[in-house]
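Architecture at a glance
What follows is the residue order along each chain.
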Amino acid sequence: MPWRIVCITAIISFSIATIGIFVVNGAATFQLQSAAAINTAAEGIDALQSIKNVNRIRFREDPKKCWLTLPQENVCSAENEIKSGYYALHKTTNINQWELVYTGSAPEKALDLDTEKEANGSYLVDAGSITIAAAALGSTDFYRMIKIEYITDEQVTITSIVQWKTFSGVQTVNLPTFLTNYLNIDNG
Amino acid sequence: MVNFRGTKRKHNTKKGVSLLIAIMLIGVISYVSLSMTNAVVEATRQAANSNRYNEAYYAAEGGLVLGLLENSKHGAGYSATLPPKNYGGGAAAAAVKIQGQVPVDAKYGSMSTYFNMYGAPAPGTGNVGKDCDPLKAFKNMNFWYTADGTPHYVEGTSQPQDGKTWFGPFDAADHPCNWNKIKIGETMSIPLYYSTTDVNSGCPEYPSNSGNYVCNLATSQQDAFILRVRTPCGNGEEMCLAMDRYDFDISNQDPTYGLNKPIMSWQITGADMGTNATLVLGPYIYIYGTPPSLKSQSTIIHEYKLNAANGNGTFEVLTEAAQGEETGTKCLGPMLAYLLPNTANACADGSDWSSTAIIKPVLKLSIIQSMTSDLQKKIPYLEYQFLSDFASGTPPTDTSQTITSEGFSGEFKATIEARKSQSSGLLEYVVQQ
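Here is what the cut-offs are and how they apply
- Residues numbered from 1 in each chain as written.
- Chains lettered and ligands numbered in written order.
- Predicted model: local features only at pLDDT ≥ 70, side-chain atom pairs only at ≥ 80, totals over all residues.
- Helix = DSSP H or I, 4+ residues; strand = E, 2+ residues; numbered from the N terminus.
- Buried ≥ 20, exposed ≤ 12 C-beta atoms within 10 Å, placed from the backbone.
- Contact = placed C-beta atoms within 7 Å.
- Rg over C-alpha atoms; globule rule 2.2 N^0.38 Å.
- Pairing = 2+ DSSP bridges.
- Axes fitted to C-alpha atoms, helices over the stretch in contact; angles between N-to-C directions.
- Domains from an automatic or database assignment.
- Nonpolar A, V, L, I, M, F, W, Y, C, P; charged D, E, K, R; others polar.
- Core = buried A, V, L, I, M, F, W, Y, C linked by C-beta atoms within 7 Å.
- pLDDT = per-residue confidence, 0-100.
- Arc of directions from axis to C-beta.

Digging into the overall build of chain A
Of the regular secondary structure elements, chain A holds 3 helices and 5 strands. Listing every helix and strand of chain A by position from the N terminus yields α-α-β-β-α-β-β-β. Residues classed as buried in chain A amount to 30% of the 188 residues present. The contacts of chain A with a sequence gap of at least 6 include a subset with a gap of at least 24, amounting to 48%.

Right, here's the structure in full:
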């Protein structure tokens, strides 16, 4: 009878310990995933800042008009301008070449659904952009979108949105900031 | 009886041991569970904090580019505070401050020779000293300097008695954090105006920039300003006695200027408000004799003047009363007379400068000659400081526009500061976390 108490206590204890290990492992994975998501979002903003800076050099003849030209386009025109809306951000096969793919006005909520994964494949962050080993992240897919909203011709809000799925649902990191064309203003 | 008692005691002992083991197990598991809970909470907190810090940082960065945009729309001397801006409906916000004028409270105090004058660069923001901090600026008390360990500077009139070698007392205005460097070939601009969006300022609206008003700092005959220039310390330190600064070599004969070569030239440039014509006032250069010699009364900043300013420790090389020469007509007059509207100068009849006011006047300084000391060493740069006391009480425009952006997200704050020199488009960044 007394040993039965010990056995029952031991079983309950080990069960709690096992659950605890799973929970801690889950929390550690979540922490790694969060860190990856935050850095992926920050990379998105840094990429847009880099695109703006490079455009100033690429289109030095008219930096006021061409400051937000798509990085993969070599001609500054209204057609090639980064417009308001959502974009997927990739590195092309060329080293250090960013590519912004317009995906229309698709809202980020679409990523909640597994069935949308294929449809939104262009949002999937390239493996090369994430430096943490995929195994440590639980082989999770990270989706990144860049949302562009014009405030004036010289000022836009950019929001880097990264989403990923965990056992408790879709997690999102939003990182907003501004871009301005402050170098090309003439104050008379 | 004895056996019965013995069996019962044995049974009780077993129960006690089991209970003890159970309690110990529960204790160990409770401890492990608490540790795990703590680890989970800590992991979640770290993830949230990391996100919050990034939000604050990028909010500050967004605020900074907004501030730079706003600054670009106005120009030199523009000061403003932009209201905190929320980002994309998120938790982060940024407050932005543009400081183009020397702060109102940055006047030199009563202990200084330059009591009640403003300095540009603003005290504590110069680039001659290391680790300058405007919040710890020297502008009131005299100070002492030692190269023997930190702190290098101590305020006070009495020499510190700690066994170190101290030099002093120095005037607060002489602190290296109150001076800027100028190198050979560089041109430094000191705007003699400030920009504002205040429609009640009484200043003219700049024609090509609607809503932007440009106010001249000089408005009265009582206005005073002093340009101070000094050589760096001969031993390479940032501070020393005046006698330990480089002196210029005045033993070499120059075919144009004789023994006294011009080192730093200055110009006041601007536009005539009536005709929009460009106006240029340069230094008075007087060369006389055989062989030719640059005379001391010349207002171009020459070696004799710099050596004398070093010798008496004032470092003063130019004031508002110095004679300037119109580049076109060669008319002469005091600098201040040219800056004030409707003021007669030495040749009012033939002057290019009309009776209407000059708009956007800028004092430009440039080193035009390689510099050699009397010990035949190369002098790498000069240090300059512009002091002013305008009758209107208006602080002068600083040598750089400072844009400070503070991003907030929850308890996290990130501060980014950019300084844009009035002389160039280059930005100098400081990030505080």
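Some points on the overall build of chain B
Helix and strand counts for chain B stand at 3 helices and 24 strands. For 433 residues, the compact-globule formula gives about 22 Å, and the C-alpha radius of gyration of chain B, at 32 Å, lies well above that figure. Taking all 433 residues of chain B together, 40% fall into the buried category.

So, the sheet that holds strand β4 (residues 155-166) of chain A
Residues and elements named next belong to chain A. One open sheet holds the 5 strands; their spatial order is β2-β1-β3-β4-β5, and the pairing between them is antiparallel. Each end of this open sheet is capped by a strand with a single partner; those strands are β2 (98-102) and β5 (169-180). Neighbour to neighbour, the strand axes of the sheet diverge by 30° on average, direction disregarded.

Things to note about the domain arrangement of chain B
All names here are of chain B. Domain annotation for chain B reports domain 1 (2-99 + 401-432) and domain 2 (179-395). Residue-level contacts link 7 residues of domain 1 with 9 residues of domain 2. A per-class count over the side of domain 1 that touches domain 2 returns 2 nonpolar, 5 polar and no charged.

Remarks on the interface of chain B and chain A
How big an interface is tends to be reported as the loss of accessible area on association of its parts. Taken residue by residue, the interface counts 40 residues in chain B and 37 residues in chain A. The class makeup of the residues in the side of chain B that touches chain A is 19 nonpolar, 16 polar and 5 charged.

Some remarks on the nonpolar core
Formed by 66 residues in total, the largest nonpolar core has its most connected members in V229(B), M264(B) and I301(B). In this structure, I301(B) is in contact with V229(B), I263(B), M264(B), W266(B), L306(B), V317(B) and L318(B), ignoring residues within four places of it in sequence. Core analysis: the second largest hydrophobic core is formed by 55 residues, I38(A), I51(A), A60(B) and F408(B) among them.

Quick notes on the confidence of the model for chain B
Of the residues in chain B, 91% reach a pLDDT of 70 or more, and the chain-wide mean stands at 87. Ranking the elements of chain B by mean pLDDT puts strand β24 (residues 427-432) of chain B last with 67 and strand β11 (residues 224-230) of chain B first with 97.

Digging into the environment of N276(B)
Assignment of secondary structure puts N276(B) in the loop between β12 (262-272) and β13 (278-283). The sequence separation of N276(B) and P334(B) amounts to 58 residues, and the corresponding C-alpha distance is 22 Å.

What about the confidence of the model for chain A?
Residue and element names in this part refer to chain A. Put simply, chain A has an average pLDDT of 79, and 76% of its residues get 70 or more. The least confident element of chain A is helix α3 (residues 116-119), whose mean pLDDT is 52; the most confident is strand β3 (residues 143-152), at 90. Every residue in residues 127-135 scores below 50 in pLDDT, and together they form 12 contacts with partners more than four places removed in sequence or on other chains.

What to know about unusual backbone geometry
Residue and element names in this part refer to chain B. The step from A120 to P121 runs through a cis peptide bond, and the omega angle for that step is 10°. Within the element layout of this structure, P121 appears in the loop between β3 (118-120) and β4 (143-145). Omega for the peptide link from T150 to P151 comes to -5°, which places this bond in the cis form. Here P151 shows up in the loop between β4 and β5 (153-155). Phi is positive for N116, which is not a glycine, with a value near 75°. Take N116: it is sitting in the loop between β2 (93-101) and β3. Phi at F315 is positive, roughly 60°, even though this residue is not glycine.

Some words on the pairing of strand β20 (residues 358-367) of chain B
All names here are of chain B. Alignment of strand β8 (residues 187-191) against β20, held across 5 bridges, turns out to be antiparallel. Along β20, the bridge assignment pairs T187 with S366. Taken together, the 8 bridges between β12 and β20 define a ladder with antiparallel strand orientation. Bridging across to β20, W266 finds its partner in L365.

Some points on the pairing of strand β10 (residues 213-216) of chain B
When a strand is regular, its side chains alternate between the sheet's two faces. Residues and elements named next belong to chain B. Burial of β10 is one-sided: the residues V214 and N216 facing one way are buried, the residues Y213 and C215 facing the other way are not. Inspection of the sheet shows strand β9 (residues 193-196) paired to β10 by 4 bridges, in the antiparallel sense. Residue T196 lies in a different strand from β10, and its bridge partner there is Y213.

Concerning the sheet that holds β4(B)
All names here are of chain B. Taken in spatial order, the 3 strands line up as β5-β4-β6 in an open sheet, and their pairing is antiparallel. Of all the strands in the sheet, just β5 and β6 (167-170) have a single pairing partner and so form its edges. Taken over all neighbouring pairs, the strand axes of this sheet differ in orientation by 20° on average, direction set aside.

What about helix α2 (residues 303-312) of chain B?
Residue and element names in this part refer to chain B. All buried positions along α2 are accounted for by E303, K305, L306, A309 and N310. The arc that holds every buried residue of α2, seen down its axis, measures 165°, which confines them to one face. Opposite the buried face of α2, at more than 90 degrees from it, the exposed residues are G311 and N312. Close packing links the buried residues of α2 with β11, β12, β16 (301-302) and β17 (316-319). Just downstream of α2, G313 is the residue with a positive phi angle, here 75°.

Overview of the environment of G119(B)
All names here are of chain B. Structurally, G119 is set in strand β3. C-alpha of G119 to C-alpha of M141: the two residues are 22 residues apart in sequence and 15 Å apart in space. Each residue touching G119, except ones within four places of it in the same chain, is listed here: V102, Y108, A173, N178, Q385 and L387.

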